[in-house]
Amino acid sequence: MSLSSPSRVALVGAGRMGTPLCGRLVAAGHSVTVSDLRPEREEAVRSLGADWAPSATAAAGADVLITVVPGPEEAAAALPDAVFAALAPGAVWIDMTSNSPAAARELRERADAHSVDVLEAPMGGGPDDAEHGRVRLFVGGSAEVLDRCGPLLEAVTTSDRIRHMGGPGTGCTTKLLINLLWFGQAAATAEALLLGRRAGIDLTTLRDTLADSAAGSDFIRRDLSALFAGDYLRSYGLDRIHDQLKAITDEAQDLGTPHELADTVLRIHRLALERFGPVDGELLAVALLEEAAGTLLRP
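Summarised in this report is the structure supplied together with it. (Residues numbered from 1 in each chain as written. Predicted model: local features only at pLDDT ≥ 70, side-chain atom pairs only at ≥ 80, totals over all residues. Heavy atoms only, no water.)

1. Quick word on the packing of helix H9 (residues 170-198) against helix H14 (residues 284-293)
Between H9 and H14, the shortest axis-to-axis distance is 9 Å and the interhelical angle comes to 25°. If you check the angle between H9 and H14, you find them roughly parallel. Considering the relative orientation of H9 and H14, their crossing is right-handed. Listed contacts from H14 to Ala-186, Ala-187, Ala-190, Glu-191, Leu-194 and Arg-198 of H9 are Val-286, Leu-289, Glu-290 and Ala-293. (Axes fitted to C-alpha atoms, helices over the stretch in contact; angles between N-to-C directions. Helix = DSSP H or I, 4+ residues; strand = E, 2+ residues; numbered from the N terminus. Parallel < 35°, antiparallel > 145°, perpendicular 65-115°, else oblique. Left-handed = near helix turned anticlockwise from the far one by under 90°. Contact = heavy atoms within 4.5 Å.)

2. Points about the packing of aromatic side chains
Counted according to the given criterion, the structure contains 3 aromatic pairs. Ring centres of Trp-182 and Phe-219 lie 5.4 Å apart, and the angle between their planes is 80°; on these two criteria the pair is classed as edge-to-face. Here the residue Trp-182 occupies a position in helix H9, and Phe-219 occupies one in helix H11 (residues 218-228), the gap between them amounting to 37 residues. In this structure, Trp-182 and Phe-219 share a single accessibility class: buried. Feature note: the residues Trp-182, Phe-183 and Phe-219 constitute an aromatic cluster, connected by ring pairs. (Phe/Tyr/Trp six-rings, centres within 6.5 Å; stacked < 30°, edge-to-face > 60°. Buried < 20%, exposed > 50% of the residue type's maximum accessible area, 1.4 Å probe, protein only.)

3. Some details on the environment of Ser-7
Turning to its location among the elements, Ser-7 is positioned in the segment before strand S1 (8-12). Residues Ser-7 and Leu-152, 145 residues apart in the sequence, show an inter-C-alpha distance of 8.1 Å.

4. Things to note about the pattern of salt bridges
For the structure shown, the criterion picks out 16 salt bridges. Residues Arg-38 and Asp-36 are paired through a salt bridge, measuring 2.9 Å at the closest nitrogen-oxygen approach. Judged by its relative accessible area of 36%, Arg-38 is partly exposed. Judged by its relative accessible area of 17%, Asp-36 is buried. Where Arg-275 meets Glu-291, a salt bridge forms, and the shortest distance between an N and an O atom there is 2.8 Å. (Salt bridge = Lys/Arg side-chain N within 4 Å of Asp/Glu carboxyl O.)

Here it is in structure tokens:
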């Protein structure tokens, strides 16, 4: 089945990312029916030109099933056998959830039992990127299935932002590795800045020097400005961050690779979760380090 022409799409998840993605799919001419456990999301979905229905009803006869839910538990709950059974013959399930490799494997087996092809395509970027077609997709699965789905995926982002990482599992792992390195950089940078300030170095000067050095990173060049302004990036839950870090350290353990640094990043975020609770804040581990130092990273 080719997906080059407008398709019938069942979209599960109308949250921060799912809603703008819905709008882009509708604008591209696809017939979209959305399912979400929160009935208050219906009005926003219908205002975009999509329909609204329970998940199995939304999936009935759909060519494509797209899931955009917060994490592995929500993905498993949203995808009983009845949803896969309701899809059209030759349908594809595209999971844009930040899923764990283990949970994704179980759901992939469930889809396979109903002859549903699977692509995992977790996203990089935020709601503004989703609205303006700038998300990055880290795709795991068959190259042939990705080729079939290319025209549909290009309704939500540009072709250069769609990266085929390999076979099943590689998309999920890639997203988790990116998160591990980003949160690790945030913690390491915060420690360096706190030490530099205590040693008498002006924070702005230190930031600019690091950004232009061998230690420079996108985190330093792009994200430190938010922290310096007191913004802990409250767009994603600390509990979700912890779970994703736990998933990638579990995979490292399962595959037998070193994970001492990953364990440290996980431990810092576990302590931050214990301190602040399951609230939004991608940089709350930095807030924990600031508390320990007794100073805020403000120029």
